[in-house]
Amino acid sequence: MDYKKAGVDIEAGYKSVELMKEHVKRTMREEVLGGLGGFSGAFSLAKIKNMEEPVLLSGTDGCGTKVKLAFLLDKHDTIGIDAVAMCVNDIACAGGEPLFFLDYIACGKNYPEKIATIVSGVAEGCVQSDCALIGGETAEHPGLMPEDDYDIAGFAVGVVDKKDLITGSDIKAEDVLIGIASSGVHSNGFSLVRKVFTMDKETLNTYHEELGKTLGEALLAPTRIYVKALRSVKEAGVRVKGCSHITGGGFYENIPRMLPEGVKAVVRKDSYEVPAIFQMMAREGDIAEEMMYNTFNMGIGMILAVDPADADKTIAALEAAGEKAYVVGCVAEGEKGVELC
């Protein structure tokens, strides 16, 4: 008896590391010390010395049951972008710059080419957020997971000067809410998505005119990364008062997280066009509107609160960074929460 006969292929692990190295190289920053394969990742903090009061930020998350679609479609090159996005967007939400990322992939059986493809997506997410991929772990779990299944999660560390930390504490009535468009469903609500649509290749590979693509392509679209967009806003001289990453819990749970007591967010549903994928889900699943806004991002991946005088400048900066942005509402006096009208 040996480890391979027990279900863990150490040689496959070595091959996975070799195959992923070319992808990891794309993410390197000058602060990264050493190379891939050490027991820990090393990252120099020399640049942080220029900050008055540096504050470390962290984020950890996964992709939830969205990975089931990757299995069904045998498409594994974008799910890693989702894992990165869910972590670095939270860091950007606090005004921070993500510095480095580590991934964790658990699989029933280590297929080196598949693992390398997953990591290629992680690397792409890191490139999109200027974040270094400095380490990770691929764990083979025979007997615990089916051979073709895997799960992916990650952990990111970022930094912000304390004076630039976005806390929402000084949001006040009449501040403007700016919504940044999402790329689709992102990585939340897929347990409900999988109840609405039949999860088989025929259904997912069916082209829909209203989507302009197949259902599978629409659902598997990777989570948009907003790091560079928020940096653009900061470089435009705008002070973002509050920022909400619209993830699990949709509008109703996430928007209040940036609000102080005594004010509410008033969001106009007609301020932008809800993407077709959400309209299709509501129709096919007979899902009530309130539940849709309480589960999904509904086409808005992030919401910023800014002073009214900065609204136009904020939208211009976001559009210059390649984002679609809309004035979606305002802040008003009242009990902390969200009012959709």
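Residues numbered from 1 in each chain as written. Predicted model: local features only at pLDDT ≥ 70, side-chain atom pairs only at ≥ 80, totals over all residues. Heavy atoms only, no water.

**Student:** Explain helix H12 (residues 311-320) residue by residue, including any values.
**Tutor:** For H12, the set of buried residues is Ala311, Thr314, Ile315, Ala317 and Leu318. For H12, the buried positions fall inside an angular range of 160° around the axis, keeping them on one side. For H12, the exposed residues set more than 90 degrees away from the buried face come down to Asp312 and Ala320. Elements in contact with the buried residues of H12: strand S7 (176-181), helix H8 (227-235), strand S12 (300-306) and strand S13 (325-333). Two residues or fewer past H12, Gly322 is found with a positive phi of approximately 90°. (Buried < 20%, exposed > 50% of the residue type's maximum accessible area, 1.4 Å probe, protein only. Helix = DSSP H or I, 4+ residues; strand = E, 2+ residues; numbered from the N terminus. Arc of directions from axis to C-beta. Contact = heavy atoms within 4.5 Å.)

**Student:** So what's going on with the state of the cysteines? Residues and values would help.
**Tutor:** Within this structure, the stated rule accounts for 0 disulfides. Cys243 forms no disulfide, and the closest cysteine sulfur to it belongs to Cys93, at a distance of 3.3 Å. Judged by relative accessible area, which is 10%, Cys243 ranks as buried. (Disulfide = S-S within 2.5 Å.)

**Student:** Got a sec to walk through the pairing of S7? Specific residues and values, please.
**Tutor:** With 6 of 6 residues buried, S7 is to be regarded as a mostly interior element. Burial along S7 is two-sided: Val176, Ile178 and Ile180 facing one way and Leu177, Gly179 and Ala181 facing the other are all buried. As paired elements, S7 and S12 share 6 bridges and run antiparallel to each other. Directly across from Ile178, in S12, lies its bridge partner Leu304. In this sheet, S13 lies alongside S7 in antiparallel orientation, the contact comprising 5 bridges. Residue Val176 lies in a different strand from S13, and its bridge partner there is Cys330. (Pairing = 2+ DSSP bridges.)

**Student:** Outline the sheet that holds S12, supporting the account with residue identities and numerical values.
**Tutor:** One open sheet accounts for 6 strands, arranged S10-S12-S7-S13-S11-S14; its pairing is mixed. Among the strands making up the open sheet, the edge pair consists of strand S10 (242-245) and strand S14 (338-340). Neighbouring strand axes in the sheet, compared pairwise and without regard to direction, differ in orientation by 25° on average. Two elements, strand S11 (residues 263-267) and S13, share 5 bridges in a ladder whose sense is antiparallel. Bridge pairing in S13 places Val266 opposite Cys330. Across the sheet, helix H3 (residues 79-93) is in contact with S10 and S12; its angle to S10 comes to roughly 165°. (Axes fitted to C-alpha atoms, helices over the stretch in contact; angles between N-to-C directions.)

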